[in-house]
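A structural walkthrough
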Amino acid sequence: MTQKPWPIILLALLHFIAPLFNLLLGILFTGAPLDEYFIGVFNMNRWHELLVHFALIPFAGWAILMTRKWSYYVFILSMIIVIYFNYLSYQSHPTSFSLPVLFFIIALNIIVVSYFLAPSVSRVYLDSGLRWWEQKPRYPSGDLAIVTADDFKHKVTIVDISESGAKLDPYNSKVENDTPLTLEFSHGSKKYSLPFEVVHTYQDKIGVKFLHDKESKKATRQYITDLIEAGATPRTPVP
């Protein structure tokens, strides 16, 4: 799988280490002895604050890293809660840190949230088609194959193939109506039989998704490995 974008990884990492950063920031601005400061911070009477700062913030980082539609909303909600609790903490303990420090912390959180609200970033979470690092690379093939069903056979060419699917040429309307469907072909001395379903058609070609079991998945990987060893390169360069 291709690496996630570095801004997402970096921001997730910053959320994972944020509790430590908050401790260091508190020690720096309060000037309290370490033992007194830690006793004050880890006071179980303030368990809700502990939960927010030492669990919810890293959880928000995990949501960033998941890059899913649900995790996007989880992150936004988590950060709203963090900002709200920072404000409550200042009201409850105004001597713990100064108003400028409160403004700095809240401003930092708002900047991070604003980054994820930007359309160019939020689309990555809301549209799975934009998450290129989750897409299996497609390799050009050119091998001849046969689409088979119970009473139907259709000759095709494998235009390109990935571990999850393939593009076949030409299109035949009957292919969509026959189930189950199987793609049968040979490459060298090896024979392949891959079950699939049609997911779309375009430009007189068929886009198919493989319905893998353990053996067919292994066979597809081996086939792609053979293509790569023969000099095949990904159809679309990785962004």
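Here the structure is a predicted model, which means the values were calculated and not measured.

1. A few points about the overall build of the chain
- The helix and strand inventory of the chain stands at 7 helices and 7 strands.
- Each helix and strand of the chain, ordered N terminal to C terminal, gives the series α-α-α-α-α-α-β-β-β-β-β-β-β-α.
- In the chain, buried positions account for 38% of the 239 residues.
- Contacts in the chain between residues at least 24 apart in sequence constitute 57% of all its contacts with a sequence separation of at least 6.
- When the accessible surface of the chain is split by element, carbon and sulfur atoms take 63% of a total near 14,200 Å².

2. Examining the nonpolar core
- Val147, Ile158, Ile161, Leu168, Leu183, Phe185 and Phe210 are the most contacted members of the largest nonpolar core, which has 24 residues in total.
- With 4 residues, strand 3 (residues 152-161) is the largest single contributor of residues to this core.
- What Phe210 contacts, discounting residues up to four positions off in sequence, is Ile161, Ser162, Glu163, Ser164, Gly165, Ala166, Leu183, Leu194, Pro195, Phe196 and Thr220.
- Counting 17 residues, the second-largest nonpolar core is a separate cluster that includes Tyr72, Ile76, Val112 and Tyr125.

3. Some details on the pairing of strand 7 (residues 205-210)
- With 5 of its 6 residues buried, strand 7 lies for the most part within the structure.
- Summarising the sheet, strand 4 (residues 165-169) and strand 7 pair through 4 bridges and their orientation is antiparallel. Bridge pairing in strand 7 links Ala166 to Val208.
- As paired elements, strand 6 (residues 190-202) and strand 7 share 6 bridges and run antiparallel to each other.

4. Remarks on the pattern of salt bridges
- By the definition in use, this model includes 3 salt bridges.
- With its nearest N and O atoms 3.2 Å apart, the salt bridge here joins Glu163 to Arg221. With a gap of 58 residues between them, Glu163 in the loop between strand 3 and strand 4 and Arg221 in helix 7 (residues 214-229) connect regions that are remote in the sequence.
- Given the relative accessible area of 23%, Glu163 is considered partly exposed.
- The salt bridge partner of Lys190 is Asp226, with a shortest N-O separation of 3.3 Å. Within this pair, whereas Lys190 is found in strand 6, its partner Asp226 is found in helix 7, the two being separated by 36 residues in sequence.

5. As for the environment of Arg235
- By secondary structure assignment, the location of Arg235 is in the segment after helix 7.
- It is 6.3 Å that separates the C-alpha atoms of Arg235 and Pro140, two residues lying 95 residues apart in sequence.
- If we skip the residues at most four places from it in the chain, Arg235 touches Arg138, Pro140 and Asp160.

6. Things to note about the packing of aromatic side chains
- Applying the stated criterion to the full structure yields 11 aromatic pairs.
- When the centroid spacing of 5.3 Å and the interplanar angle of 90° are considered together, the rings of Tyr115 and Phe116 count as edge-to-face.
- Relative to Tyr223, the ring of Phe185 lies with its centre 4.9 Å away and its plane at 65°, an arrangement referred to as edge-to-face. Of this pair, Phe185 sits in strand 5 (residues 181-187) while Tyr223 sits in helix 7; the two residues are 38 residues apart in sequence, bridging distant segments of the chain. Like Phe185, the residue Tyr223 is buried in the burial classification.

7. Digging into a nonpolar patch on the surface
- A cluster of nonpolar side chains, Leu10, Leu13, Leu14, Phe16, Ile17, Phe59, Trp62 and Trp70, forms an exposed patch at the surface whose accessible area comes to about 750 Å².
- Residue assignment for the nonpolar patch shows that the elements contributing at least two residues are helix 1 (6-30) and helix 3 (47-66).
- Ranked by residue count, the leading element in the nonpolar patch is helix 1, at 5 residues.
- Inspection of the secondary structure assignment puts Leu10 in helix 1.
- Of the residues examined, Leu10 reaches a relative accessible area of 49% and is grouped as partly exposed.

8. Quick word on the packing of helix 4 (residues 69-92) against helix 6 (residues 119-126)
- Their axes nearest at 7 Å, the elements helix 4 and helix 6 cross at an angle of 130°. Overall, the two elements helix 4 and helix 6 adopt an arrangement that is oblique. Residue-level inspection shows Lys69, Ser71, Tyr72 and Tyr73 of helix 4 in contact with helix 6, the latter providing Ser122, Tyr125 and Leu126.
- Class assignment for the residues of the contact of helix 4 with helix 6 results in 4 nonpolar, 2 polar and 1 charged.

Criteria and cut-off values
- Residues numbered from 1 in each chain as written.
- Predicted model: local features only at pLDDT ≥ 70, side-chain atom pairs only at ≥ 80, totals over all residues.
- Heavy atoms only, no water.
- Helix = DSSP H or I, 4+ residues; strand = E, 2+ residues; numbered from the N terminus.
- Buried < 20%, exposed > 50% of the residue type's maximum accessible area, 1.4 Å probe, protein only.
- Contact = heavy atoms within 4.5 Å.
- Areas by Shrake-Rupley, 256 points an atom, 1.4 Å probe, with all protein chains shown as cover.
- Core = buried A, V, L, I, M, F, W, Y, C linked by side-chain atoms within 4.5 Å.
- Pairing = 2+ DSSP bridges.
- Salt bridge = Lys/Arg side-chain N within 4 Å of Asp/Glu carboxyl O.
- Phe/Tyr/Trp six-rings, centres within 6.5 Å; stacked < 30°, edge-to-face > 60°.
- Patch = residues over 30% accessible without salt bridge, like charges linked within 9 Å, V, L, I, M, F, W, Y side chains within 5 Å.
- Axes fitted to C-alpha atoms, helices over the stretch in contact; angles between N-to-C directions.
- Parallel < 35°, antiparallel > 145°, perpendicular 65-115°, else oblique.
- Nonpolar A, V, L, I, M, F, W, Y, C, P; charged D, E, K, R; others polar.

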